[in-house]
Amino acid sequence: MIRWIRQQLGFDPPHQSDTRTVYIANKFPQNGHYVPQRFADNRIISSKYTIWNFVPKNLFEQFRRIANFYFLIIFLVQLMIDTPTSPITSGLPLFFVITVTAIKQGYEDWLRHKADNEVNGAPVFVVRSGSLVQTRSKNIRVGDIVRVAKDETFPADLVLLSSDRAEGTCHITTASLDGETNLKTHYAVPETAVSQSVSRLESLQAVVECQQPEADLYRFVGRITVTQHGEEIVRPLGPENLLLRGARLKNTKEIFGVAVYTGMESKMALNYKCKSQKRSAVEKSMNTFLIIYLGILLFEAILSTILKYAWQAEDKWNEPFYNQKTDQERNSSQILKFISDFLAFLVLYNFIIPISLYVTVELQKFLGSFFIGWDLDLYHEESDQKAQVNTSDLNEELGQVEYVFTDKTGTLTENEMQFRECSINGVKYQEINGKLVPEGLTEDTPDGSLPCLSREEELFLKAVSLCHTVQISYDHPDAAADPFSHANGFSAQMEYYASSPDEKALVEATKRMGVTFMGSHGEIMEIKKFGKAEKYKLLHVLEFDANRRRMSVILQTPSGQKVLFTKGAESAILPYTKSGEIDKTRVHVDEFALKGLRTLVVACRHFSADEYRDVDRRLHEARTALQQREERLVEVFNFIERDLELLGATGVEDKLQDKVQETIEALRLAGIKVWVLTGDKHETAVSVSLSCGHFHRTMNILELVQQKSDNECAEQLRRLARRIKEDHVIQHGLVVDGASLSLALREHEKLFMEVCKNCSAVLCCRMAPLQKAKVVRLLKTSPEKPITLAIGDGANDVSMIQEAHVGIGIMGKEGRQAVRNSDYAIARFKFLAKLLLVHGHFYYIRIATLVQYFFYKNVCFITPQFLYQFFCLFSQQTLYDSVYLTLYNICFTSLPILVYSLFEQLVHPHVLQSKPALYRDISKNSLLSFKTFLYWTVLGFCHAFVFFFGSYILMGEDTTLMGNGQILRANRQLMFGNWTFGTLVFTVMVITVTLKLALETHFWTWMNHFVTWGSIAFYFIFSLFYGGIIWPFLHTQDMYFVFVQLLSSGSAWFAIIIIIITCLFPDVIKKVFYRHLQPTSTQKSQMYTNRVAIGDDFIALQPLSRAKNQLGKISLLRPTRASDAWTPCAVSQRGKTPAHGWAGWWSD
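Residues numbered from 1 in each chain as written. Predicted model: local features only at pLDDT ≥ 70, side-chain atom pairs only at ≥ 80, totals over all residues. Heavy atoms only, no water.

Naming follows an unreviewed UniProt entry, where the protein appears as Phospholipid-transporting ATPase IF isoform X5 of Danio rerio.

In structure tokens, the structure reads:
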């Protein structure tokens, strides 16, 4: 327990040396000198808080906010010295804000804990004490032997010991780690591969020595020492022996592996970025504004203190007859008195800093976040998944995005390949109803059936169905023993698993066309050609590699002939062909590529007996060489793969998700640049970028790939920069690979960024997870400081999701790591358009107005208090009653702005989606610019002056103020003293600031009406109630009967009306003037909306979009819908202004 606590506090790191020694099954040496190494446990932690650190850590984060820290200081000052107001006026709101925020953040972190517990509590099987024991994932220790069954994910990083196959191989997919959906083959060393039972594993004596954990997914260096019959056998271990946490076992019944890296030391976890508190641009602006207001506060407090002492320089004001000083006061230090007075003024004016702003913002974000989950346009019916909000702190940031970084596989695509076209012997073919049909023909031929396959067509289909590394999985448990046992009726019982998604699509296509791959057993591969079985002997596989960009198989046909089938990229096959329709095929390949299809060229070569013997000898020598094995293999492969006969080419479509192209185009029109970051191959990534509209056909595609050195990379970057400058009319797209990116970021970051920013679209391929995060950070920290958004579906995307200002997880097919670590989660990429263009737009304009309005109403609130000091000898007398001071921001003016910030819509949602350019109007935090902030602040000061001096002039001209708060006028007594004057100012202020917000409101609902007029009514009712009764628990009751007497005066009502009109009339004139003479694009859209909007559809989120076609005009002619009960703005369907409802529509 003590060790665990020390590790949590960081005092006891789990490991110290450069390597780790793992004793399989934790069989440690029995000598007394051995000290076991300490390793991390297997828990995954994505949460921020624990039950122990929640209170201190959360308080620390909250008091980092300027307003919170400031009010804490004010509260402490009120406790320590005699101040004009009670400590409760600051302490109560502060406690409320801190508590509400802590509850909200605690709830969000509890959801993360819940998700972690699901992962950490997942059942797993480990070998302990000679038997298979079920335990939880978090209990796995380094050295445990773990059993993983088919389709399960690996719970830790395991070194493969054995599988259910005699050769000790297994197939896995790493889609959730690096985005690749193809199957990868992993191997066990021969000495452990035979240990296929628990008893054999228990008796295994072996030790793994390997490097300490590192984030690189593709690097692993280690060795295993197996002791057999007293002899130690040492075997090297590499990435092909390591099964990574998060990967999934496929096409293998079960495997056993030893855990070497666990929990937060697994490669998947090391690729997570450290979770940090994200802060929106709006919150940063709020902090800036708060500092400015803090400056105003200090200026007012210092000025008031200086003026007080300047005034008291005269004896008659220093010690008037009604306020004689004590001896202690006369003899006290002048400096201490100055400081005390300064602090008292600070407390008196402290309400200019709006602490309730934070709690209102928190409430607005928390309640507003539900709208995303409620929006049925973001609901995916097929998977039954709705949008999910993991943190509500960044809602408004959705309206400020300038760069979108997206993964490809599973985010833009569906992970489904479909065969579309092929070219055979210079003729283009299409697949129609499972038959191969030449281009221009239809399935229906004159005799009702297609002719038999020609020799070229048959050879092409055989090559495609045999040149691959496809595996077959059988549903029936006994089927795996004999892959040919399902020769009849295979379709319902077998499934293809391929080393690349293209291979799977091609093999499935040949099956539909009559040439079916039935599986392989040992060296035998079987196909069925229109029901007739043919068996081929697999002699050699020439594996695919990135430099050759092709793969081949050498087979022995049923007739005994030796033949090579090869397939690969056009540039890797055509230069080595000597026969076939080369020119026509090249034209067809270009046509396929222009359609966005992934292309492969297929060729063959027939060997004579002598040629094959030579090939076999060369391959054997190269594969058994101990020195320069890879170089010799490449040389032999190139010798074999020449003098080819061209058979044809294939075109496969990587099926895009629905509406990806429209979404990317909408983002581009909104001024958002889209970067695709993928771990996939260069050709694949470019092809998908073209098909999804990320790259246009007219774009000039620039490449920064396969750079070997810094100098070479720098020279290429300079060439690209020159090309962009020389040809600045054409749009440019940039393709970068991971290796070149590393070089570019090392020494030439500035030059690289210059090239990228001049390109309309950027594609980064072969990216490691942390490289994705580095690219995002590079843009984030550039001088322009743009707002970034990252979107992905796999564990390989977690780093960039956490690095970006806003992280969005796609609820994909492979794992939930991206969703768990994201800020928002959606089911499909197409939902991103509405999330940004509609929700982001709404959230931003709402919170921007909320922030400005809060500062405005607090300036209106506290400036009369400052002005009043000039009339009371700076005696720190309050203008307002303490109850009014406390309730102004909490009750009287809080609900209208909260409701506004939840429901306001400047433009109809349909218009925002159909006109993405409107997103540009709010970009770069334009609504919270210094100019706008200055306008609201000056407006607040102007209104405050009108409140104070208007009340003073209209009510104070012909009155004589008496010391007891009464005046004599025409032999009548009226309550018109300090509290009456203050109450008049306060009454005018509450009504004016509420009506000012009403002027700003464009989208009126019944709730807006209720809280706007209800707040004013509540103020009057409360004041009558508060001042009309003598409350026994109040220490003093200065307000007794003041409000009643004030309202009984006709001149008071006249003053209230005149002052309100004086304040608001210039606003109305300004709005009308600007709207008609200098309208913004948003205002133009509002006018367009008013012409075409239909009252019933003018709601916040437009739910049930999928039912609109069926409802048709019927839904338009009904004033309300039953489905509105499910919308966040169902309340808005009644009480709209006529301009937005029937009248505006009917007039059209």
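A. Representation of the overall build of the protein within the structure. Along the protein, the regular secondary structure elements total 39 helices and 37 strands. Evaluated residue by residue, the protein yields a buried proportion of 53% over its 1148 residues. Intrachain contacts of the protein at a sequence separation of at least 6 include 74% that bridge at least 24 residues. Summed over its atoms, the accessible surface of the protein is roughly 50,300 Å², and 58% of this surface lies on carbon and sulfur atoms. (Helix = DSSP H or I, 4+ residues; strand = E, 2+ residues; numbered from the N terminus. Buried < 20%, exposed > 50% of the residue type's maximum accessible area, 1.4 Å probe, protein only. Contact = heavy atoms within 4.5 Å. Areas by Shrake-Rupley, 256 points an atom, 1.4 Å probe, with all protein chains shown as cover.)

B. Structural context of the packing of aromatic side chains. Per the counting criterion, the structure on display carries 54 aromatic pairs. For the pair F861 and F986, a centre-to-centre distance of 6.2 Å together with 70° between the ring planes defines the contact as edge-to-face. Here F861 is found in helix α28 (residues 831-868), whereas its partner F986 is found in helix α33 (residues 978-1000), with 125 residues between them in sequence. Across the pair, exposure class does not vary: F861 and F986 are buried alike. Here the guanidinium or amino end of K857 rests over the ring plane of F854, the centre of that ring lying 4.3 Å away. (Phe/Tyr/Trp six-rings, centres within 6.5 Å; stacked < 30°, edge-to-face > 60°. Lys NZ or Arg CZ within 6 Å of the ring centre and 35° of its normal.)

C. Structural detail: the sheet that holds strand β32 (residues 761-765). Taken together, nine strands build an open sheet; the order of strands is β14-β35-β34-β33-β15-β29-β32-β31-β30 and the sheet is mixed. Of all the strands in the sheet, the pair left with one neighbour each is β14 (388-389) and β30 (700-704). Pairing of strand β15 (residues 403-406) with strand β29 (residues 673-677), which is carried by four bridges, proceeds in the parallel orientation. Paired with T406 across the bridge in β29 is V676. Here helix α25 (residues 769-780) sits on the sheet in contact with β15, β29 and β33 (788-792), set at roughly 155° to β29. (Pairing = 2+ DSSP bridges. Axes fitted to C-alpha atoms, helices over the stretch in contact; angles between N-to-C directions.)

D. Region of the structure containing the sheet that holds strand β8 (residues 206-211). Taken together, four strands build an open sheet; the order of strands is β1-β8-β9-β10 and the sheet is antiparallel. At either margin of the open sheet sits one strand with a lone partner, and together these are β1 (19-23) and β10 (231-237). The average angle at which neighbouring strand axes cross in this sheet is 20°, direction not considered. Here seven bridges tie strand β9 (residues 222-228) to β10, and the two strands are oriented antiparallel to one another. Across the sheet, residue T227 finds its bridge partner in β10, namely E232.

E. Quick look at the nonpolar core. Counting 97 residues, the largest nonpolar core has I353, F861, Y880, F986 and M989 as the members making the most contacts within it. Ignoring sequence-local partners within four residues, the contact set of Y880 consists of C860, F861, P864, Q865, L885, W979, G982, V985, F986 and M989. (Core = buried A, V, L, I, M, F, W, Y, C linked by side-chain atoms within 4.5 Å.)

F. Highlighting a nonpolar patch on the surface. A contiguous nonpolar patch, built from L298, I302, I306, I335, L336, F338 and I339 and spanning about 630 Å² of accessible area, is present on the exposed surface. At the level of secondary structure, the elements contributing two or more residues to the nonpolar patch comprise α9 (281-311) and α12 (334-349). It is α12 that contributes the most residues to the nonpolar patch, four residues altogether. Relative to the helices and strands, I335 resides in helix α12. (Patch = residues over 30% accessible without salt bridge, like charges linked within 9 Å, V, L, I, M, F, W, Y side chains within 5 Å. Salt bridge = Lys/Arg side-chain N within 4 Å of Asp/Glu carboxyl O.)

G. Inspection of helix α13 (residues 355-374) at higher detail. The terminal C-alpha atoms of α13 lie 30 Å apart, and with 20 residues this matches the ideal 28 Å at 1.5 Å per residue to within 8%. With 15 of its 20 residues buried, α13 lies for the most part within the structure. (Expected span 1.5 Å × (residues − 1).)

H. Just the packing of α9 against α28, in detail. Running from N to C, α9 and α28 cross one another at 5°; their axes reach a closest spacing of 12 Å. Judged by the inter-axis angle, α9 sits roughly parallel to α28. Where α9 abuts α28, its residues V282, M286, F289, L290, Y293, E300, L303 and S304 lie against Y844, I847, V851, Q852, F855, V859 and F866. Of the residues contributing to the contact of α9 with α28, the split by class is twelve nonpolar, two polar and one charged. (Parallel < 35°, antiparallel > 145°, perpendicular 65-115°, else oblique. Nonpolar A, V, L, I, M, F, W, Y, C, P; charged D, E, K, R; others polar.)

I. Main features of the side chain of S163. You can see S163 is positioned in strand β5 (residues 157-163). At a separation of 2.7 Å, a polar atom in the side chain of S163 contacts the main-chain carbonyl oxygen of T169. Not counting the four nearest positions on each side in its chain, S163 is found in contact with G168, T169, C170, Q196, T252, E254 and I255. (Polar contact = N/O pair within 3.5 Å; in protein donor to acceptor, adjacent residues only side chain to side chain.)

J. Region of interest: unusual backbone geometry. Phi is positive for N26, which is not a glycine, with a value near 55°. Take N26: it is sitting in the loop between β1 and α2 (54-62). Unusually for a residue other than glycine, D384 sits at a positive phi of about 55°. Structurally, the position occupied by D384 is in the loop between α13 and β14.

K. Region of the structure containing the pattern of salt bridges. Enumeration over the complete set of coordinates arrives at 49 salt bridges. A salt bridge links D377 to K834; the shortest N-O distance between them is 2.9 Å. Taken together, the residues D377 in the loop between α13 and β14 and K834 in helix α28 connect sequence positions 457 residues apart. As far as the burial class goes, D377 and K834 line up, both buried. E1000 is the salt-bridge partner of K996, the closest N and O atoms lying 2.9 Å from each other. Of the two residues, K996 and E1000 both sit in helix α33, four residues apart, roughly one turn of that helix. Its relative accessible area of 0% is what places K996 among the buried residues.

L. Just the pairing of strand β22 (residues 524-529), in detail. Note that strand β21 (residues 515-521) and β22 share six bridges and pair antiparallel. Bridge pairing links V515 to K529 in β22. Pairing geometry for β22 and strand β23 (residues 532-542), over six bridges, is antiparallel. Bridge pairing in β23 links K528 to A533. Hairpin geometry of β22 and β23 is characterised by an intervening segment of two residues between the two adjacent antiparallel strands and by a positive phi of about 50° at F530.

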